[in-house]
Amino acid sequence: MRKSLRAAAAGAACVVAGAALYGAGAATAGQSTANSTHEPYNIGLLVKDIDTYYGTTADSNGVYQASPDSPYAEDLARIDADAKRYIDKAARKAHRHGEKPAVVFDIDDTLLLSLDYEKRYNYTYNSTTWNDYVNKADRPAVFGSPELVRYAEAHGVEVFYNSGLSEAQRAGAVENLKKVGADVNLDADHMFLKDKANPPAYLKDCATPGTWNCTTVQYKGGTRKHIEDDLGYEIIANFGDQYSDLDGGHADRRYKLPNPTYFVS
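Read on for a plain summary of the structure.

Rules of the game
Residues numbered from 1 in each chain as written. Predicted model: local features only at pLDDT ≥ 70, side-chain atom pairs only at ≥ 80, totals over all residues. Heavy atoms only, no water. Buried < 20%, exposed > 50% of the residue type's maximum accessible area, 1.4 Å probe, protein only. Helix = DSSP H or I, 4+ residues; strand = E, 2+ residues; numbered from the N terminus. Arc of directions from axis to C-beta. Contact = heavy atoms within 4.5 Å. Core = buried A, V, L, I, M, F, W, Y, C linked by side-chain atoms within 4.5 Å. Axes fitted to C-alpha atoms, helices over the stretch in contact; angles between N-to-C directions. Parallel < 35°, antiparallel > 145°, perpendicular 65-115°, else oblique. Nonpolar A, V, L, I, M, F, W, Y, C, P; charged D, E, K, R; others polar.

## A short note on helix α6 (residues 145–154)
In step 1: Three or more residues of α6 are buried, namely Ser-145, Pro-146, Leu-148, Val-149 and Ala-152. The arc enclosing the buried residues of α6, seen along the axis, measures out at 160°, which places them on a common side.
In step 2: Where α6 is buried, its residues contact α3 (71–96), β4 (101–105), β5 (158–166), α7 (170–180) and β9 (234–240).
In step 3: Two residues or fewer past α6, Gly-156 is found with a positive phi of approximately 75°.

Rendered as structure tokens:
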């Protein structure tokens, strides 16, 4: 389940504020003021911090972009440098042992940046506006990610995609990935998307035709298990911006990319 910044903060505020009011009450004879409310971090200040982190600016078309000189870009550069060193070493080891190495990438905010959507809709989520945004196929790349995809391919590593996007959004995702230069293995055998109407047999424990009960971890972990157990690959690295992209096993190493704008459980 995707939770927006505003929804998560508002929910937390209600819970914490209620507890604070109960615990604080009026000042007693032994104190001159009521107890602290312990209110959560102010959402307006949090948005400013997020803008600073991304170096958010609107371009000439009014599209919000992250700055290549931002702390966000610096964090990504460190992650990518470590990942390249690791992929090079792990791929050579896998090939020596006769294994088929693979890497798995999430798409949203792992390869394609959704900052403009988050800013434009004030960090709230709506399935209709999100679908329109995805199918517009005009998101910029997450800094360094297309290069990392191509780096893995160049080192003999099979590239797979494991995304929460739906089958109806496949064409938009493929077009957008091509635009940003991540044009590697964009066929249906390598890009796994949610198909709630006709889920694959390897997800039978949580999904049947027309009935989808998979959590994100079950869906993504089950897909990685399929890649390893059924397709015969060794997943040397798994990349995602949410911990639910990474939990569930079936990857030798996990890389968590930064994303402070929403949370997927």
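Back to the write-up after that little detour.
## Looking at the nonpolar core
In step 1: Counting residues in each nonpolar core, the largest one holds 46 residues, and the members touching the most others are Val-103, Phe-105, Ile-107, Tyr-161, Leu-177 and Phe-239.
In step 2: Residue contacts for Ile-107: discarding those within four places in its chain leaves Leu-112, Tyr-161, Ser-163, Leu-165, Leu-177, Met-191 and Leu-193.
In step 3: Phe-160, Cys-206, Ala-207 and Tyr-233 belong to the second largest nonpolar core, which has 13 residues in total.

## Here's the deal with the packing of helix α2 (residues 43–54) against α3
In step 1: Two numbers describe how α2 lies on α3: the axes approach to 5 Å, and their chain directions differ by 55°. In terms of axis orientation, α2 runs oblique to α3. Between α2, through Thr-52, Tyr-53 and Tyr-54, and α3, the contact on the second element is made entirely by Pro-71, Tyr-72 and Asp-75.
In step 2: Grouping the amino acids of the contact of α2 with α3 by side-chain chemistry returns 4 nonpolar, 1 polar and 1 charged.

## Description of the environment of Val-134
In step 1: Mapped onto the secondary structure, Val-134 falls in helix α5 (residues 127–136).
In step 2: Judged by its relative accessible area of 1%, Val-134 falls in the buried class.
In step 3: The sequence separation of Val-134 and Ala-171 amounts to 37 residues, and the corresponding C-alpha distance is 9.5 Å.
In step 4: Beyond its immediate chain neighbours, meaning those up to four positions away, Val-134 contacts Arg-139, Leu-165, Gln-169 and Gly-172.

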